[in-house]
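# Architecture and fold: a report
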Amino acid sequence: LIVTSAHFPRVLDSHMSRLLLLALSALALQQCSAQSTAERPIDLGDAPRVARSPWDGLRVGMKTDEEEKGGEQFQFQADVNKLMDIIINSLYSKKEIFLRELISNGSDALDKVRFMSLTDAAVLGEGDTAKLEMKLIADKEAKTLTLIDRGCGMSKEDLINQLGTVAQSGTSSFIEAFSEGADVNLIGQFGVGFYSVYLVADSVAVHSKSNDDEKQWVWESSADSTFSVYEDAGEDLGRGTKIVLTLKEDCLEFLEEERLKGLIKRYSEFINFPIYLYTTKEEEEEVPIEEGDEEEGDEEEEEEEEEGEDDEEIEDAEDEEDDAPKTKKVKKTVNDWELINDAKALWTRNPSDITDDEYKSFYQSLTKDFGEPLTHTHFSAEGEVEFKSILYIPKEAPYDLYNDYYKKQNNLKLYVRRVMITDEFDELLPRYLGFIKGVVDSDSLPLNVSREMLQQNKVLKVIGKKMTRKALAMIKSLADADKSEDEEDEEDEETEKEEKEVEEKDGEEESKYEKFWKAFGKYIKMGLIEDAANRTRLAKLLRYATSKSGDKEISLEEYVANMKDDQKNIYYISGDDKDSLMKSPSVEKLLAKDIEIIFMTDSVDEYTVQHLTEYEGKRLINASREGLKLEEGEKDKKREEQYKEMFKPLIDYTKETLGKKVEKVQISKHLVSSPVVVLSADYGWTAQMEKVMKSQAFADQSKYEFMKSKRMFEVNPRHPMIVELNTKIKDGAADESTKDMVMSLYLSAVVSAGYQLTPEDAQDFSSRIGRIVSSGLGVELDAELAPELEVADEPEEEEEEGEEEEETVAAAEEGEEEE
């Protein structure tokens, strides 16, 4: 192989030429070496032989030009009948989709005409031809559905190439030809939407007239492997397309006006161009009575006069009626074009140009909810993914919102260029934001060919992340507005008394965020459990009642702001209601120290705090667990040690009496006025969590036995009952009554803490209460029962019947005497 610099263009410099010469030389030497090796095997002498590999001789690599030329190339073939069957019966899950596809095609055709008219106004034509609109006609007698548009129409070649070639998108070709790939806001992508008509039609006839063709043509097919094109001798369209569907027998429902209206409003409500439906109505109108009808009326009136009693009055009325022209009401059938899509795609406009009334009207049109939304957000995203969206928060929660949290919500509607694709998906917003209603319109969403389903990929995740943050920001703005209103109320308290009274009345009304929290607060708490990425944002939205908030609920941010200087933790307790928690022995020490306590009264709160262990560096401590972790000085520690030594007899005796019912008996850090309290260990379920788990209908309780918390029994060393019990045990005077006292104290503490008694403990507790009541009343436990009351026997029925007969006879005789 001889390579010289003459082989290279003169434009290359000497350095580049040298590099290329070196590379080619190395390649030539490698080839020569390979050939010589192949011709003359290397003599290995006595070297050990290696087993031959089964892969020897196999060449792996790219084909050379010679190998490619030597191979024979073929084109894929398709069975047209099977392909059409797949397109018709496998791409679409609902038959009703055909109308969406036809309207979308008509909208594209109208958009093309409008686009071309920007440079040539003569394209639109004159009169009715210039009207950019679509019309729909349902003929029940002929069983046909007709769609007419004033779009660009198709020539004979277009009909053959676009309708006769499967997956040939005229819209895509138009975009490439006229805008070099720029977005001209057209819908079609795949070129198979037209064939969805065969879901409902046996045959289809497409009448079309294009400005590029002097003649009007008809394309006709029955979904087989053939179609025909011939010149149209019928009605002149001027410009546009008329599609006539001959419906199948099982699809005649699509000839009903209400059905068509519903489909247009569902899928094509926001199409840019007006869609008219040819409707039939019955109206009443007054028409003059003809002579024949008048004579019949006179005969009827005469018959009525003969039967009536007031002949003279009727005659006078007739004389007055004769003076006025006689008419009658007749039902008349009226046909008219009704505009179906009167709503506008509000999300395509600039938010600064839209009024609150327009947002409200759009919400009502979109959701069919006659109320007002609580708030809304309107935004558009640009960059890697482009989409526009309007999101609403309803003022009230639907009645069945909490019946099934895991069901798919259909509150968010997905549009692609103003055509609704689906509302049955939950990929864009997480489940805990399923109550939010609105629209999303994007050209970047990856749709499958049927445009009914979304494909999972990175684009969806990006859109979902952006929408979630926008939704949370909308909720946060409600919370911030509520906070600013509270600050204004505090400033207004310093005004005159008359103004105060007015403000108090206004203050009684709930703020927007309070309404939101009442309706959807549980969903936000579920979000804390499910969405770790947004947990910090969601934590700021939480609202709880506290020991100092009165009837109002406050945020964790406000709680932290109100904390004492020496307070390092956030304290809470969970239970059924605020009043019972306020009286719980577990919070006595916290209340005595004037520490604010959060009351969690929702069942879901127990799950929430498992995922929210701290807020802004402050740990959340459950007051119903052992160890409050309060700040203690040296004196407090010494005092506790002395108490332990002093009450050791009682502690040991109580632990021996209760046995395995408790894990530990100790001096309490929670109590102030109560004698005893039962607490949960640091790990495991609390009393409230046990209630929640036991209330699960299908829960297997045996699987969760290990989660039940060990109980801690704490005593108050300052309470007189505890002091006396300790003295009695210390002096050796403990007896059976002492055991009863300890057990009664324990069982009462279990009930007070919110735990459910086991059947054995419940029976024991009941008998102990009975003994206490008997002792208080001075009644012996084995006292005999009082004798049973004796009730006199009732008279026999026969005697009663005899007495009744005697009374009847006596009454009859008295009547005869009076006569």
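Residues numbered from 1 in each chain as written. Predicted model: local features only at pLDDT ≥ 70, side-chain atom pairs only at ≥ 80, totals over all residues. Heavy atoms only, no water.

What follows covers the overall build of the chain. When you go through the chain residue by residue, the secondary structure sums to 25 helices and 22 strands. By the burial criterion, 38% of the 819 residues in the chain qualify as buried. Taking the intrachain contacts of the chain between residues at least 6 apart in sequence as the baseline, contacts between residues at least 24 apart amount to 72%. In the form shown here, the chain has an accessible surface area of approximately 50700 Å², with 48% of it arising from carbon and sulfur atoms. (Helix = DSSP H or I, 4+ residues; strand = E, 2+ residues; numbered from the N terminus. Buried < 20%, exposed > 50% of the residue type's maximum accessible area, 1.4 Å probe, protein only. Contact = heavy atoms within 4.5 Å. Areas by Shrake-Rupley, 256 points an atom, 1.4 Å probe, with all protein chains shown as cover.)

The next subject is the sheet that holds strand E10 (residues 387-394). The five strands are arranged E9-E10-E13-E11-E12 in an open sheet whose pairing can be described as mixed. Two strands lie at the open edges of the sheet, namely strand E9 (373-381) and strand E12 (419-422), each paired on one side alone. Sheet twist, expressed as the mean angle between neighbouring strand axes with direction ignored, is 25 degrees. When strand E11 (residues 412-416) meets strand E13 (residues 437-442), the two strands line up parallel, connected through four bridges. Looking across to E13, one finds that Tyr 415 is bridged to Asp 441. The strands touched by helix H10 (residues 356-367) within the sheet are E9, E10, E11 and E13, with E10 carrying the most contacts at an inclination of about 85 degrees. (Pairing = 2+ DSSP bridges. Axes fitted to C-alpha atoms, helices over the stretch in contact; angles between N-to-C directions.)

This paragraph deals with a positive patch on the surface. A contiguous patch of positive charge, built from Lys 465, Arg 469, Arg 537 and Lys 540, is present on the exposed surface. The class for Lys 465 is exposed, based on a relative accessible area of 53%. (Patch = residues over 30% accessible without salt bridge, like charges linked within 9 Å, V, L, I, M, F, W, Y side chains within 5 Å. Salt bridge = Lys/Arg side-chain N within 4 Å of Asp/Glu carboxyl O. Lys, Arg positive; Asp, Glu negative; His and termini not counted. Charge placed at Lys NZ, Arg CZ, Asp CG, Glu CD.)

For H10, with 12 residues, the first-to-last C-alpha span of 16 Å sits near the 16 Å given by 1.5 Å per residue. Along H10, the residues classified as buried are Tyr 359, Phe 362, Tyr 363, Leu 366 and Thr 367. The arc enclosing the buried residues of H10, seen along the axis, measures out at 105 degrees, which places them on a common side. Packed against the buried residues of H10 are E9, E10, E11 and E13. (Expected span 1.5 Å × (residues − 1). Arc of directions from axis to C-beta.)

Positive phi, normally seen in glycine, also occurs at Lys 143, with a value near 60 degrees. Classification of Lys 143 by relative accessible area gives partly exposed; the value is 29%. With phi around 60 degrees, Lys 368 is a residue other than glycine that occupies positive phi space. Mapped onto the fold, Lys 368 is located in the loop between H10 and E9. The class for Lys 368 is exposed, based on a relative accessible area of 53%.

Core analysis: the largest hydrophobic core is formed by 71 residues, its most contacted members being Ile 393, Leu 433, Phe 435, Ile 436, Met 467, Ile 475 and Phe 516. It is helix H11 (residues 458-492) that contributes the most residues to this core, 10 residues altogether. Judged by nonpolar contacts, the second largest core, of 62 residues, contains Leu 110, Leu 245, Leu 255 and Leu 366. (Core = buried A, V, L, I, M, F, W, Y, C linked by side-chain atoms within 4.5 Å.)

It is worth spelling out a nonpolar patch on the surface at this point. Residues Ile 769, Ile 772, Val 773, Leu 777 and Val 779 make up a contiguous nonpolar surface patch of roughly 460 Å² in combined accessible area. In this structure, Ile 769 sits in helix H24 (residues 759-777).

For Ile 667, the position within the fold is in strand E20 (residues 664-667). Owing to a relative accessible area of 7%, Ile 667 belongs among the buried residues under this scheme. For the pair Ile 667 and Glu 640, spaced 27 residues apart in the sequence, the C-alpha separation amounts to 7.6 Å. For Ile 667, the residues in contact, after removing those within four places along its chain, are Tyr 643, Lys 644, Phe 647, Ile 651, Glu 714, Val 715 and Pro 717.

Right, let's get into the environment of Trp 337. Inspection of the secondary structure puts Trp 337 in strand E8 (residues 327-339). Look at Trp 337 and you get partly exposed, because its relative accessible area is 31%. When the C-alpha atoms of Trp 337 and Leu 277 are compared, they prove to be 5.5 Å apart, with 60 residues separating the residues in sequence. Ignoring anything within four residues of it in the chain, the contact list for Trp 337 reads Lys 135, Leu 136, Ile 137, Tyr 276, Leu 277 and Tyr 278.

Take Ser 511: it is sitting in the loop between helix H12 (497-508) and helix H13 (512-530). By relative accessible area, which is 9% here, Ser 511 ends up buried.

The full count for this structure, using the stated rule, is 24 aromatic pairs. Grouped by ring-pair contacts, the aromatic residues Tyr 402, Tyr 405, Tyr 406, Phe 435, Tyr 513, Phe 516, Trp 517, Phe 520 and Tyr 523 constitute a single cluster. Above the ring of Trp 337, the side-chain terminus of Lys 135 is found at 4.7 Å from the ring centroid. Over the ring of Tyr 402 we find Lys 522; its NZ or CZ atom is 5.6 Å from the centre of that ring. (Phe/Tyr/Trp six-rings, centres within 6.5 Å; stacked < 30°, edge-to-face > 60°. Lys NZ or Arg CZ within 6 Å of the ring centre and 35° of its normal.)

By the secondary structure assignment, Ser 196 is in the loop between helix H6 (170-179) and strand E3 (201-209). Relative accessible area serves as the criterion here: at 0%, Ser 196 is assigned to the buried category. Setting aside anything within four residues of it in sequence, one finds Ser 196 in contact with Tyr 92, Phe 98 and Glu 101.

A separate point is the pattern of salt bridges. Going through the model one piece at a time under the given rule, you end up with 34 salt bridges. Here Lys 215 makes a salt bridge to Glu 231, at a shortest N to O gap of 3.8 Å. With Lys 215 in the loop between E3 and strand E4 (217-221) and Glu 231 in strand E5 (residues 227-231), the pair connects residues that are 16 residues apart, well separated along the chain.

Bringing the sheet that holds E20 into the picture now. Strand order in the open sheet formed by three strands is E20-E22-E21, with mixed pairing between adjacent strands. In this open sheet, the two strands that pair with only one neighbour each are E20 and strand E21 (676-680). Neighbour to neighbour, the strand axes of the sheet diverge by 30 degrees on average, direction disregarded. With four bridges connecting them, E20 and strand E22 (residues 711-715) associate as parallel partners. Bridging across to E22, Lys 664 finds its partner in Met 712. Together, E20 and E22 form the strand contacts of helix H20 (residues 648-658), whose direction differs from that of E20 by roughly 155 degrees. With respect to the sheet, helix H23 (residues 736-753) is in contact with E21 and E22, its orientation differing from that of E21 by roughly 55 degrees.

Another aspect to go through is the pairing of E13. Across the six residues that make up E13, a large majority, six, are buried. Where E10 lies against E13, six bridges are found, and the strand directions are antiparallel. Across the sheet, Tyr 392 pairs through a bridge with Lys 437, a residue of E13.

Once that is clear, we can look at the confidence of the model for the chain. On average, residues of the chain carry a pLDDT of 79, and 75% of them reach 70 or more. Confidence drops under pLDDT 50 across residues 170-190; counting only partners more than four residues distant or on other chains, this segment forms 55 contacts. (pLDDT = per-residue confidence, 0-100.)

Contact geometry for H20 and helix H22 (residues 720-730): axes closest at 8 Å, N-to-C directions at 85 degrees. Classed by the angle they form, the pair H20 and H22 counts as roughly perpendicular. From H20, Pro 649, Leu 650 and Tyr 653 reach across to H22, where they touch Ile 722, Leu 725, Asn 726, Ile 729 and Lys 730. Within the contact of H20 with H22, the residues separate by chemical class into six nonpolar, one polar and one charged. (Parallel < 35°, antiparallel > 145°, perpendicular 65-115°, else oblique. Nonpolar A, V, L, I, M, F, W, Y, C, P; charged D, E, K, R; others polar.)

A separate point is H13. For H13, which comprises 19 residues, the first-to-last C-alpha distance of 25 Å matches the rise-based estimate of 27 Å (1.5 Å per residue) to within 8%. If you look at H13, its biggest bend is around 70 degrees, right at Phe 520. Residues of H13 that are buried include every one of Tyr 513, Phe 516, Trp 517, Ala 519, Phe 520, Gly 521, Tyr 523, Ile 524, Lys 525, Met 526, Gly 527 and Leu 528, and no others. (Bend = angle between axes of the 7 residues up to and from the residue.)

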